[in-house]
Amino acid sequence: MKALQIVKYGAIEDSLAFNEVNKPSIEASDVLIEVRAAAINPIDKSIILGNLQSLIPIPFPSTSAYDVSGIVVEKGAAVNNFEIGDLVYARVPQEQMGTIAEFVAVTAVAVSKKPGNISFEEAASIPLAGLTAMQSLEQAGIKENDKILIHAGSGGVGSLAIQYAKAKGAYVYTTTSTPNVAWVKALGADRVIDYKTEEYKTIVKAADIVFDTLGKNYTAEAFQVVKPGGKVVSVVGPIDEETAKAFGMADYKLPEELANLVSEKKASYKFIFMHPNGAHLETLKTLIEDEKIKPIIDKVYPFKESIAAFTQLASGRTKGKIVIKIG
Ligand SMILES: NC(=O)c1ccc[n+]([C@@H]2O[C@H](COP(=O)([O-])OP(=O)(O)OC[C@H]3O[C@@H](n4cnc5c(N)ncnc54)[C@H](OP(=O)(O)O)[C@@H]3O)[C@@H](O)[C@H]2O)c1
């Protein structure tokens, strides 16, 4: 079968190649998905560039990407919740990475039936970003009438986080640049802050939750706008101590400046590593079928133009998601 593979670390154009590889074989707990569409995320780019070598080392060659939608064409002996012919979507686990290919083997616990009211391309755009949004906001304990700031509302994660937060009944502030203001507002955000012309720190006051999708100075600044006792969740900022311990970094300490901000505000700070989860995708499926969440796609690329898709992703200006049509 054909697959887009990472052949070495480095610049996107130098490190990706279309290779002919063996169709994956399945374990008892796996399904084999005939891929209809894959989606790409910033982590895929970081892996190619070699920026995550110590955290996520990969053998070469490795097929790229984690997001998939497609059709179940084989199932392992221990799989009893999927049948051959089921239309599914998933964020595949690290050890099964490789969705820009004609087939991918995936543990059934990471898979969900695909929402019935959207295309394969739309379904592929959801798993990684949608699970990140959902798991981050649930970690923060989001509830009705919470005031929440979601940074980068036009990004893959932000565009789904806005819709998830609105489905939960929260009041949503979000940041984006001028060309994106109108369509981000249409996603349901209550107050879209144009970071080109407005200063979010003077607009957002005493938020219950800040969802930091930008890192850098934005992580510390979250403590200027969160309420005393509020919650800051980040998918880009420094790892928190509890998460570090779970990853075996027993002596890790939160950077001092951040630790001081957390204690001054009596707030909480949590770094989220999203994780594959078929049951969570079932919840997102329901929200999509109930039209509470709609996929946002910037561009669909044909398989043979996958490398150009990564070049667009690397611009950091994506509106929603970039998808690759395979089948
Ligand atoms: N920890 C985890 O498990 C996890 C999971 C998923 C993602 N992430 C990380 O989360 C980040 C976001 O992911 P993503 O998929 O949403 O990225 P993305 O789709 O590539 O984000 C692009 C968007 O970011 C917006 N943006 C850039 N700078 C901004 C700023 N200063 N203020 C407001 N918006 C800004 C851009 O809008 P404009 O063009 O208008 O600036 C663009 O629409 C990435 O760093 C990713 O690696 C972490």
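What you see is a predicted model; the values in this text were computed from it and never measured.

Each value, and the rule that gives it
Residues numbered from 1 in each chain as written. Predicted model: local features only at pLDDT ≥ 70, side-chain atom pairs only at ≥ 80, totals over all residues. Heavy atoms only, no water. Helix = DSSP H or I, 4+ residues; strand = E, 2+ residues; numbered from the N terminus. Rg over C-alpha atoms; globule rule 2.2 N^0.38 Å. Buried < 20%, exposed > 50% of the residue type's maximum accessible area, 1.4 Å probe, protein only. Contact = heavy atoms within 4.5 Å. Areas by Shrake-Rupley, 256 points an atom, 1.4 Å probe, with all protein chains shown as cover. Near = heavy atom within 4 Å. Polar contact = N/O pair within 3.5 Å; in protein donor to acceptor, adjacent residues only side chain to side chain. Nonpolar A, V, L, I, M, F, W, Y, C, P; charged D, E, K, R; others polar. Domains from an automatic or database assignment. Axes fitted to C-alpha atoms, helices over the stretch in contact; angles between N-to-C directions. Parallel < 35°, antiparallel > 145°, perpendicular 65-115°, else oblique. Expected span 1.5 Å × (residues − 1). Buried area = accessible area lost by both parts, 1.4 Å probe. Salt bridge = Lys/Arg side-chain N within 4 Å of Asp/Glu carboxyl O.

A. Representation of the overall build of the protein chain in the model. Across its full length, the protein chain carries 12 helices and 16 strands. Expected size for 327 residues packed as a compact globule is a radius of gyration near 20 Å; at 20 Å, the protein chain falls within 12% of this value. Within the protein chain, buried positions represent 54% of all 327 residues. Considering only contacts within the protein chain whose residues lie at least 6 apart along the sequence, 68% involve residues at least 24 apart. Of the roughly 13,900 Å² of accessible surface on the protein chain, 52% is carried by carbon and sulfur atoms.

B. How the structure looks around the site of the ligand. Around the ligand lies a shell of 26 residues, among which Ser177, Tyr195, Ile272, Arg317 and Thr318 are the nearest. Tyrosine 218 places a side-chain nitrogen or oxygen 3.1 Å from a nitrogen atom of the ligand. Taking valine 235, its main chain carries an N or O atom lying 3.1 Å from a nitrogen atom of the ligand. Burial of the ligand by the protein chains amounts to 83% of its free accessible area of 940 Å². Of all the elements in the fold, those that place two or more residues in the shell around the ligand are α4 (127-139), α5 (156-167) and β10 (171-176). Classifying every residue of the shell around the ligand by side-chain character gives 13 nonpolar, 12 polar and one charged. Here the shell around the ligand spans two domains, and each of domain 1 (2-126 + 295-325) and domain 2 (129-271) adds at least three residues to it.

C. Spatial organisation of the packing of helix α2 (residues 42-49) against helix α12 (residues 306-314). In the contact formed by α2 and α12, the axes pass within 10 Å of each other and the chain directions differ by 105°. In terms of axis orientation, α2 runs roughly perpendicular to α12. Counting all contacts with α2, which are made through Pro42, Asp44, Lys45 and Ile48, the residues of α12 involved are Phe310, Leu313 and Ala314. Within the contact of α2 with α12, the residues separate by chemical class into five nonpolar, no polar and two charged.

D. Highlighting α5. Compared with the 16 Å implied by 1.5 Å per residue over 12 residues, the 17 Å span of α5 between its first and last C-alpha is a close match. Gly156, Val157, Gly158, Ser159, Leu160, Ala161, Ile162, Gln163, Tyr164 and Ala165 are the residues of α5 that are buried.

E. Quick look at the domain arrangement of the protein chain. On domain assignment, one finds that the protein chain holds domain 1 (2-126 + 295-325) and domain 2 (129-271). When the buried area of domain 1 at its contact with domain 2 is split by residue, Ile126, Ile296 and Lys319 rank highest and sum to 53% of it. Counting across the domain 1 and domain 2 interface gives zero salt bridges. Along the contact surface separating domain 1 from domain 2 lie four residue pairs in polar contact (both at pLDDT 80 or more). Of the residues in the side of domain 1 that touches domain 2, the class split is two nonpolar, three polar and four charged.

F. Quick look at the environment of serine 177. Locating serine 177 in the fold gives a position in the loop between β10 and α6 (181-186). On the basis of relative accessible area, serine 177 is assigned to the buried category, the value being 11%. Separated by 23 residues in sequence, serine 177 and serine 154 have C-alpha atoms that sit 8.5 Å apart. Excluding anything up to four places from it in sequence, serine 177 contacts Asp194, Tyr195 and Lys196.

G. Region of interest: the pattern of salt bridges. Under the definition given, this model contains 13 salt bridges. A salt bridge links lysine 168 to glutamate 138, with the nearest nitrogen and oxygen atoms 3.0 Å apart. Here lysine 168 is found in the loop between α5 and β10, whereas its partner glutamate 138 is found in helix α4, with 30 residues between them in sequence. For glutamate 138, a relative accessible area of 32% corresponds to the partly exposed category. Of the charged contacts, one joins lysine 285 and glutamate 289 as a salt bridge, the two residues approaching to 3.3 Å between their closest N and O atoms.

H. Focus on unusual backbone geometry. The linkage connecting phenylalanine 60 with the following residue, proline 61, adopts the cis geometry, with an omega of -10°. Looking at the secondary structure, you find proline 61 in the loop between α2 and β4 (62-63). Despite not being glycine, asparagine 145 has its phi angle at roughly 70°, a positive value. Here asparagine 145 shows up in the loop between α4 and β9 (147-150). Residue lysine 266 is not a glycine yet carries a positive backbone phi of 50°. Relative to the helices and strands, lysine 266 resides in the loop between α10 (256-265) and β14 (268-271). Given a relative accessible area of 69%, lysine 266 falls into the exposed group.

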